[in-house]
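Architecture at a glance
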Amino acid sequence: MLSRAGIRARPGLGLLQHSQQLKRVARLAPAPCRWNSGLPMNIGVLFVPQQEAWVVERMGKFHRILEPGLNFLIPLLDRIRYVQSLKEIVINVPEQSAVTLDNVTLQIDGVLYLRVMDPYKASYGVEDPEYAVTQLAQTTMRSELGKLSLDRVFRERESLNASIVDAINQASDCWGIRCLRYEIKDIHVPPRVKESMQMQVEAERRKRATVLESEGTRESAINVAEGQKQAQILASEAEKAEQINKAAGEANAMLVKARAKAEAIQLLAAALAQQHGNAAASLSVAEQYVNAFSKIAKDSNTVLLPANTGDVTNMVAQALGIYTTLTKPQAVKTQDDMPPAHEDSHSSATEVLKAEQGSSS
């Protein structure tokens, strides 16, 4: 391959000397070869290897492209000018600096994977395809990185590679070369930016930890509140059931007491309706009167007594008079059924009370 450094003008040389140098280099230098170390000699019968394309010129003009296998050429008239490899070619893109959208300078390099699709265009379309594609990849990389911020460069690495491949293919279509892949190898960040990124990552992790802790605290508080709510609901339901059962029990007790009292009243009425019933009632009232006097002055030192406290007969007579007044309507209805010995029973009850008063005195 012809070196580009050999045909560049050296400092201090004029245009005439530079043109003479170019002519001398063109006479002495061999024909350029794309990714091959040498050109085969035309001996009339040639064998072209697989995955190679030999570009033949006849009397300095493009003649044809030899296919793999057996080929015949005319010596001296035909000349193999270029040998193109149709295999996939790997080119290292040198490291270069690029500025992102947020003004961060990065050092980035990559790898290109190329393939010659048209040997004629690759031979006559560009002087040095490798150099042209490398420069195009570098400029495209810088322009694409300028559209992205630093964070997006690391996140959208695959999309960045695809954008570079598309840009290279659009420009290299007239060269007969197709870029298959482009891969970014290394991205070097300045030390200060790297430290700030590390601090940002640590801050994000602390933020996540704080958020998770707060969410855990919230969930715990919600669970505790739900538990207290359920406990209060259950306690209220239990209290409600207890009150209902208690009310039902009290109602049943009241019913039982009322039935017992009604039965007692019925029995008492039946007893009073019998013979000597009034005498028994008088005796019961006298006993209650005497028991009441035994409890006087136990709860308090102040006692109010009637004037005739010792007259038990008078007190019993008053109680029986009140009872007689209340039971008089019923007595009128049952007068026919009552026995005629009412005065005797009353007199006998009076005698019994007098005897008890005498014994107590």
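My aim in this report is to walk through the structure given alongside it, one point at a time. Keep in mind that this is a model prediction, so the values were computed, not measured.

**Some remarks on the nonpolar core**
- The biggest cluster of nonpolar side chains holds 30 residues, and the ones touching the most others in it are L112, I168 and Y182.
- Considering every element that reaches this core, the biggest residue donor is helix 3 (residues 129–145), with six residues.
- Not counting residues up to four positions away in its chain, the partners in contact with Y182 are V93, D109, G110, V111, L112, A137, M141, N161, I164 and V165.
- Membership of the second largest hydrophobic core comes to eight residues, among which are V48, V56, L73 and V83.

**Digging into the side chain of E144**
- Within the secondary structure, E144 sits in helix 3.
- The exposure class assigned to E144 is buried, which follows from its relative accessible area of 15%.
- In this structure E144 touches L160, S163 and I164, once residues within four positions along its chain are discounted.

**Things to note about helix 3**
- Here helix 3 is 17 residues long and its end C-alpha atoms lie 24 Å apart, about the 24 Å a rise of 1.5 Å per residue gives.
- Among the residues making up helix 3, those that are buried are P129, A132, V133, T134, L136, A137, Q138, T140, M141, E144 and L145.
- Buried residues along helix 3 sit against strand 6 (89–99), strand 7 (105–116), helix 2 (119–124), helix 4 (150–155), helix 5 (157–171) and strand 8 (177–188).

**Focus on the packing of aromatic side chains**
- Tallied over the entire structure, the rule returns four aromatic pairs.
- Taking 6.0 Å as the distance between ring centres and 80° as the angle between the ring planes, the aromatic pair formed by F62 and Y124 counts as edge-to-face. Placement of F62 in strand 3 (residues 61–66) and of Y124 in helix 2 is noted, with a sequence separation of 62 residues between them.
- With centroids separated by 5.2 Å and ring planes inclined at 45°, the aromatic side chains of Y120 and Y124 adopt a geometry described as tilted. Taken together, the residues Y120 and Y124, both in helix 2 and four residues apart, mark about one turn of the helix.
- Given a relative accessible area of 38%, Y120 falls into the partly exposed group.
- Following the ring pairs from residue to residue traces out a cluster consisting of F62, Y82, Y120 and Y124.
- In this structure, R81 is placed above the aromatic ring of Y82, and the distance from its NZ or CZ to the ring centre is 6.0 Å.
- Positioned above the aromatic ring of Y113 is the side chain of R181, whose terminal nitrogen or guanidinium carbon lies 4.4 Å from the ring centre.

Calculation criteria
- Residues numbered from 1 in each chain as written.
- Predicted model: local features only at pLDDT ≥ 70, side-chain atom pairs only at ≥ 80, totals over all residues.
- Heavy atoms only, no water.
- Core = buried A, V, L, I, M, F, W, Y, C linked by side-chain atoms within 4.5 Å.
- Buried < 20%, exposed > 50% of the residue type's maximum accessible area, 1.4 Å probe, protein only.
- Helix = DSSP H or I, 4+ residues; strand = E, 2+ residues; numbered from the N terminus.
- Contact = heavy atoms within 4.5 Å.
- Expected span 1.5 Å × (residues − 1).
- Phe/Tyr/Trp six-rings, centres within 6.5 Å; stacked < 30°, edge-to-face > 60°.
- Lys NZ or Arg CZ within 6 Å of the ring centre and 35° of its normal.

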